[in-house]
Amino acid sequence: MNTKKILLVEDNPSDVGLTQRALRKSHIANELTVTENGQEALDYLFGDGAYAGRDVMQLPALVLLDLKLPRVDGLEVLRRIRADARTRRLPVVILTTSKEEEDVAAGYDLGANSYIRKPVDFEQFVQAVQHLGLYWLVLNEEPPKVKS
Amino acid sequence: MGTKHTSTGNTITRLKDAVRNHFQTKILVISLGGMLFSILLSGLIFFLGMRKLTKDVFAEVALDLEIASQQHLESQITSTAERINLWMRHAQADLRIFATITQQLIDHREEFRPMTEAIIEIPFFADKMQYYPEGGYSQNAPDEPTVVTLQTLYHDETARIKPHPQQVINETAILDLFMPAIHTQGAKKMWTYFAGDTEAGFLRLFPWTDFGKEAIENYPEQMHISYWTFFPGLVEAWEKGLETPDSTTGIVTFPPAIDATSGQAIQIFGHPLWNRERTQFAGAVWYDLALAEITNIIEEMQLTQTGFAFLALGDGNVIAIPEHGIQALGLQERILGDGHLLRDLEDSRERAVAALTLPGDDAVSFLELRLAGRDHIMVMRRLAPMNVFLDGAEQIAVQYWTLGFVVPKDETYAPLIAVQTNVTKSFKSILLLQGGLLVVVAAGLAGLMFFLTERMTRGLAELSAGAHQIAQGDFDTQVEILSTDEIGRLARMFNEMAHQLKESFDRLEHWNTQLKEEALERQLAEKDLQESQERLRLVLENMPVMMDAFDAEGNILVWNKACEWVTGYSAEEMINNPRALEWLYPDPDYRQQMLAQWAERGGDYYNWEWTLTARDGAVKTVAWSSISDRFPIPGWATWGTGVDVTKQAQVEKELWKHREDLEEMITQRTDELNVRVAEVELLNRAMTNLLQDFQAANAKLTSMADWLKATNQELESFAYAVSHDLRAPLRGIDGWSLALLEDYGEQLDATARQYLDSVRAEAQRMGQLIDALLHLSRVTRAEMQIQHVNLSALAQAVIARLQAEYPDREVEVHIQPDLMADGDATLFEAMLTNLLGNAWKFTRTRTPACIEFGVMAYESENKKEDQERKAFFVRDNGVGFDMAYAKKLFGAFQRMHKASEFPGTGIGLATVRRIIHRHGGQVWAEAQVDQGATFYFTLKENL
């Protein structure tokens with residue numbers, strides 16, 4: 001039984017719904033935690049703010065990160081994840097609408113594990129999520145835990 | 001002395017302040033003016049750029065929306081038309097089944113006889129005919145599946161059924177088994193019935209109804225005539241069709257009618273039956289279909305907000321249209337005697353509608369109409385052909401129904417207007433932001449400028465004050481060096497200059513002293529000259545040298561004292577005495593000789609000796625010298641001196657020499673002075689030039705580069721917003737439509753599912769269009785890196801990719817090797833991908849498909865260029881296009897072919913054109929429908 005969570009950082013409720021649906025259709029049963037902005041995502045990962053007291057050693061299996069976010073934007077969230085020893089090896093997949101070269105380049109430069117552009121066609125989106133889940137949740141060898 | 005120093009000090013300070021303020025004001029005015037100008041210019045460029053961009057985007061989106069809405073309407077009308085056609089085909093297929101079964105019963109009448117005789121014994125099939133004397137008809141019992149009603153004329157005198165009709169009743173009793181099934185399946189029918197031949201023109205009808213009673217109550221005469229009486233000429237028309245079996249032997253229909261029993265609009269379909277040999281009419285099978293099934297679809301169809309659909313018969317009678325559609329088309333209703341409703345397009349109050357021609361082929365036709373002051377788009381499509389029996393003409397003819405959509409034009413643009421409002425809003429906020437930014441940066445720069453000029457002008461003021469002091473004659477002035485920059489260097493140079501100036505002024509002063517002394521000398525010399533002239537006059541008068549003068553006639557005008565002494569003749573005697581020369585030269589020969597030689601030489605003689613005779617007879621030799629040429633005196637023709645004394649002549653010569661020397665000296669000194677003055681002027685000019693250079697260097701400080709960069713960044717973020725924000729809702733539309741389909745699909749009917757599919761297809765298409773637009777925008781903005789590019793190699797790579805993508809295609813490709821051009825390799829590749837991709841796409845239907853890439857010489861249309869230029873070309877043997885549309889070819893979202901035939905976004909050639917234009921070239925195409933197309937492009941050489 002896979003109990004690892006997936007952390008989805010996404011502010012658009014429609015996209016949250018679609019992503020949940022795409023995961024469900026791809027038979028990815030991992031529990032989905034949704035944070036609506038960059039600050040909340042960081043709070044969740046580092047046990048601050050509303051998530052104070054959360055066991056921060058319980059890292060999600062995968063972070064799905066949108067780039068355009070209120071408060072702290074996606075690239076900043078990624079930078080902070082990579083800057084902290086506890087979350088440095090956490091798989092982060094950028095899931096966004098933007099295909100601007102600068103965003104793709106900045107994402108990879110900051111250590112994103114994948115960059116997926118959300119297609120308009122939902123079936124393609126489901127396919128992308130399916131591949132994503134198969135790779136990151138099944139095939140990929142988990143990174144060793146960082147001892148704190 | 002102390003007091004004087006202080007006042008000079010105050011003056012200098014005041015002067016410094018004044019000069020400094022003056023300089024500072026000038027520099028500030030020039031620099032700030034330049035800066036403001038560049039700010040305003042870049043602001044203007046940004047504003048115009050943004051406005052053009054939004055305008056272009058709207059124009060392109062508007063065009064696409066029009067095409068998209070046209071395509072949407074086209075697909076909608078096509079699917080609706082197919083739906084109605086399908087309904088018709090269903091109905092006709094049902095009727096054919098019914099006809100085939102019944103025809104079998106007739107064809108195998110003899111073989112089935114035992115069965116027929118057995119069946120009529122079975123209560124289910126048996127028709128228990130009962131005679132109703134009040135109406136004169138027979139009818140079977142209500143518990144039968146079908147009703148059989150026999151009119152009076154099929155009875156004999158004893159009210160018994162005649163043998164032939166009875167036989168037909170018996171033979172068709174088995175239809176009780178089929179008719180309920182045929183009636184309830186397939187198209188929704190009101191009545192399903194059989195009619196016997198002309199000798200048995202009664203009906204067997206499902207479902208059972210008291211047909212006889214209704215007839216007696218409403219149309220009693222029906223019970224006395226054959227069914228066929230209602231359709232005069234129909235049987236004959238069917239029989240006539242036997243001769244030409246291809247057209248009118250089959251199913252016929254009639255204009256919609258009102259059903260007598262139910263009062264509903266019905267559509268009647270009939271199929272004839274024949275004897276076994278197909279030579280004689282043997283009856284027919286019929287359906288009455290409820291037309292409401294079709295008219296409801298039309299009347300409830302929702303097109304935009306107020307758009308509507310209508311259905312018109314072949315003669316233009318509109319049989320289905322919603323209430324507001326009747327208003328919009330200006331239709332007038334007429335109710336015929338049989339309760340039939342007539343709404344003819346020809347009778348419309350709208351002139352455009354009355355003049356409408358229904359489509360003559362199966363293509364979807366578009367036209368624009370102005371209805372009630374509002375622009376509408378009308379879309380029409382012809383439905384499947386039907387054989388219609390025309391009552392009046394008594395013949396069967398092929399007729400078509402027409403399906404039409406009418407949509408107000410402005411409603412199709414509603415999404416564009418919404419987008420436009422939003423973009424205008426963000427455009428305004430960008431402008432506001434840009435303006436605010438401009439003000440802040442301008443204020444910052446102004447502060448910086450003030451600080452800089454303050455520093456600069458302090459040095460300049462020092463300089464100016466120093467210059468003033470120099471002007472006052474204080475050449476010891478040295479200015480304070482305040483900085484090490486240009487101003488500091490200038491101050492140093494100024495000090496050096498002041499030092500040199502002082503030296504040159506010292507030298508100048510020295511020369512001036514010299515000059516003054518020389519001028520004094522000259523004054524003395526002039527005084528000497530005046531005195532000598534006076535002396536000369538006295539000498540001339542009293543000198544022991546003779547001096548005389550003659551007029552033109554040879555009379556003596558002047559006769560000095562020496563002349564008197566030498567000749568003994570007084571001046572009074574000689575002046576104006578015509579005989580004077582006779583007295584002096586008494587020998588006429590000698591006198592004549594002298595006069596002749598004198599006349600010859602004129603005034604050109606010197607120490608010319610002649611002998612004269614004095615009063616006392618003494619002969620004296622006088623050496624005459626003429627001076628009339630050198631000192632001509634008006635009135636004196638010649639004058640001269642005469643003496644043998646050479647001493648006077650010597651004195652005179654000395655005198656002349658002295659004068660000449662003096663003049664030469666004055667000229668020399670004056671020249672020297674001029675040279676010194678020029679040197680001082682040169683120094684002054686050098687200083688002025690230095691100041692001007694400094695000002696020019698200062699002006700360059702305000703550069704526009706930063707502003708252009710900022711403008712570009714704004715454009716980038718606009719494109720980014722378009723990419724992200726416009727795509728997100730589209731993904732929502734697509735995703736939730738699919739969710740609806742998947743989760744609630746079973747609760748939706750086929751039409752609803754089809755609508756959802758359309759919604760998804762349109763959302764995805766909009767996504768592709770946004771991507772294409774972004775690509776086009778990127779092609780326009782990207783910075784070009786010019787290099788020498790091998791176009792042939794690029795083309796080869798593009799073809800290889802296409803072949804890999806479509807491995808089943810067989811295409812002959814000819815690429816001229818090593819075609820080189822200067823330009824951006826990435827843009828060239830995008831261009832070739834579009835051109836070769838098009839060639840690949842439009843040769844899909846060709847075997848073999850041929851694509852060629854090469855270069856050829858062409859003569860420029862521009863006569864000035866005269867020289868031959870080369871044009872690259874991409875040629876294919878594909879479907880080509882009509883040259884009438886060649887001009888539109890390169891616009892964004894322009895498409896020459898149906899999307900279903902050759903898919904694409906319509907942006908490729910617009911991209912090609914921008915790339916070619918950015919490389920200073922031209923692009924054009926030549927083509928013919930079905931004869932292939934050739935795209936030519938030129939590139940500017942030596943970019």
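As the structure is a prediction and not an experimental result, all values here were calculated from the model.

Rules used in this analysis
Residues numbered from 1 in each chain as written. Chains lettered and ligands numbered in written order. Predicted model: local features only at pLDDT ≥ 70, side-chain atom pairs only at ≥ 80, totals over all residues. Heavy atoms only, no water. Helix = DSSP H or I, 4+ residues; strand = E, 2+ residues; numbered from the N terminus. Buried < 20%, exposed > 50% of the residue type's maximum accessible area, 1.4 Å probe, protein only. Polar contact = N/O pair within 3.5 Å; in protein donor to acceptor, adjacent residues only side chain to side chain. Pairing = 2+ DSSP bridges. Right-handed = clockwise from strand over helix to strand, strands pointing away. Contact = heavy atoms within 4.5 Å. Axes fitted to C-alpha atoms, helices over the stretch in contact; angles between N-to-C directions. Buried area = accessible area lost by both parts, 1.4 Å probe. Salt bridge = Lys/Arg side-chain N within 4 Å of Asp/Glu carboxyl O. Phe/Tyr/Trp six-rings, centres within 6.5 Å; stacked < 30°, edge-to-face > 60°. Lys NZ or Arg CZ within 6 Å of the ring centre and 35° of its normal. Parallel < 35°, antiparallel > 145°, perpendicular 65-115°, else oblique. Left-handed = near helix turned anticlockwise from the far one by under 90°. Nonpolar A, V, L, I, M, F, W, Y, C, P; charged D, E, K, R; others polar.

**Let's talk about the side chain of Gln139(B)**
Residue and element names in this part refer to chain B.
Turning to step 1, where the next piece is worked out: Topologically, Gln139 is positioned in strand β2 (residues 137–139).
Turning to step 2, where the next piece is worked out: By relative accessible area, which is 1% here, Gln139 ends up buried.
Turning to step 3, where the next piece is worked out: Within polar-contact distance, the side chain of Gln139 engages the side chain of Thr149 at 3.1 Å.
Turning to step 4, where the next piece is worked out: A distance of 2.9 Å separates polar atoms of two side chains, one belonging to Gln139 and the other to Asp210.

**What about the pairing of strand β2 (residues 32–35) of chain A?**
Residues and elements named next belong to chain A.
Turning to step 1, where the next piece is worked out: Bridge analysis of strand β1 (residues 6–9) against β2 gives 4 bridges, and the strand direction is parallel. Considered in β2, the bridge of Val9 is made with Thr35.
Turning to step 2, where the next piece is worked out: A crossover connection joins β1 to the parallel β2 through helix α1 (residues 13–25); in handedness this β-α-β unit is right-handed.

**Quick look at the environment of Phe890(B)**
Residues and elements named next belong to chain B.
Turning to step 1, where the next piece is worked out: In this fold, Phe890 is placed in the loop between β26 (868–876) and α22 (908–918).
Turning to step 2, where the next piece is worked out: Through-space distance from the C-alpha of Phe890 to that of Ala910 is 4.8 Å; in sequence the pair is 20 residues apart.
Turning to step 3, where the next piece is worked out: Once you skip the residues sitting within four places of it in the chain, Phe890 turns out to touch Leu909, Ala910, Arg913, Val923, Trp924, Ala925 and Phe935.

**Quick look at the sheet that holds strand β5 (residues 114–117) of chain A**
Residues and elements named next belong to chain A.
Turning to step 1, where the next piece is worked out: Taken together, the 5 strands give an open sheet; going across it, the order is β2-β1-β3-β4-β5, and neighbouring strands pair in parallel fashion. The sheet terminates laterally at β2 and β5, the two strands that pair on one side only. When the angles between neighbouring strand axes are averaged without regard to direction, this sheet yields 20°.
Turning to step 2, where the next piece is worked out: Across 4 bridges, the pairing between β1 and strand β3 (residues 62–65) is parallel. Opposite Ile6, over in β3, you have Leu62 as the bridge partner.

**Quick look at the interface of chain A and chain B**
Turning to step 1, where the next piece is worked out: If you look at the interface, chain A gives 23 residues, while chain B gives 23 residues.
Turning to step 2, where the next piece is worked out: For the chain A and chain B pair, buried surface summed over both sides reaches about 2,100 Å², with 48% attributable to carbon and sulfur atoms.
Turning to step 3, where the next piece is worked out: With its nearest N and O atoms 3.6 Å apart, the salt bridge here joins Arg760(B) to Glu123(A).
Turning to step 4, where the next piece is worked out: If you look at where chain A meets chain B, you find 8 residue pairs in polar contact (both at pLDDT 80 or more).

**With respect to the packing of aromatic side chains**
Turning to step 1, where the next piece is worked out: Counted according to the given criterion, the structure contains 35 aromatic pairs over all chains.
Turning to step 2, where the next piece is worked out: Relative to Tyr51(A), the ring of Tyr44(A) has its centre 5.1 Å away and its plane inclined at 85°; by these criteria the two rings are edge-to-face.
Turning to step 3, where the next piece is worked out: Judged by centre distance (6.4 Å) and plane angle (85°), the rings of Tyr193(B) and Tyr227(B) are edge-to-face. Linking Tyr193(B) in strand β4 (residues 189–195) with Tyr227(B) in the loop between α5 (211–218) and α6 (234–243), this pair joins segments that are 34 residues apart in sequence. Across this residue pair, the class does not change: Tyr193(B) and Tyr227(B) are buried.
Turning to step 4, where the next piece is worked out: Three or more aromatic residues joined by ring pairs form one cluster here, namely Tyr193(B), Tyr227(B), Trp228(B), Phe230(B), Phe231(B), Trp238(B), Phe254(B), Trp274(B), Phe281(B), Trp286(B) and Phe389(B).
Turning to step 5, where the next piece is worked out: Lying over the aromatic face of Tyr287(B), Lys189(B) brings its terminal NZ or CZ to 4.9 Å of the ring centre.
Turning to step 6, where the next piece is worked out: One Lys or Arg, Arg601(B), reaches over the ring of Trp608(B) and ends 4.4 Å from the middle of that ring.

**Observations regarding the environment of Leu205(B)**
Residue and element names in this part refer to chain B.
Turning to step 1, where the next piece is worked out: Inspection of the secondary structure assignment puts Leu205 in strand β5 (residues 203–206).
Turning to step 2, where the next piece is worked out: Leu205 gets classed as buried once you look at its relative accessible area, which sits at 6%.
Turning to step 3, where the next piece is worked out: Along the primary structure Leu205 and Met179 are separated by 26 residues, whereas in three dimensions their C-alpha atoms are 8.5 Å apart.
Turning to step 4, where the next piece is worked out: Those residues in contact with Leu205 that sit more than four places away from it in its chain are Thr146, Val147, Met179, Trp191, Thr192 and Tyr193.

**Brief notes about the pattern of salt bridges**
Turning to step 1, where the next piece is worked out: Counted under the stated rule, the structure contains 35 salt bridges over all chains.
Turning to step 2, where the next piece is worked out: Note that Arg731(B) is salt-bridged to Asp15(A), the shortest N-O span being 2.3 Å. Taken together, the positions of Arg731(B) in helix α18 (residues 705–744) and Asp15(A) in helix α1 put the pair across two chains. One exposure class covers both Arg731(B) and Asp15(A), and it is buried.
Turning to step 3, where the next piece is worked out: Each of Glu10(A), Asp15(A), Lys118(A) and Arg731(B) takes part in one network of salt bridges that share partners.

**What to know about the packing of helix α2 (residues 38–46) of chain A against helix α3 (residues 74–83) of chain A**
All names here are of chain A.
Turning to step 1, where the next piece is worked out: One way to put it is that α2 packs onto α3 with a least axis distance of 9 Å and a crossing angle of 20°. The orientation of α2 relative to α3 falls into the category roughly parallel. Handedness of the crossing formed by α2 with α3: right-handed. Taking contact as the criterion, the partners of Gly38, Gln39, Leu42, Leu45 and Phe46 in α2 are, on α3, Val77, Arg80 and Ile81.
Turning to step 2, where the next piece is worked out: Split by residue class, the contact of α2 with α3 holds 5 nonpolar, 2 polar and 1 charged.

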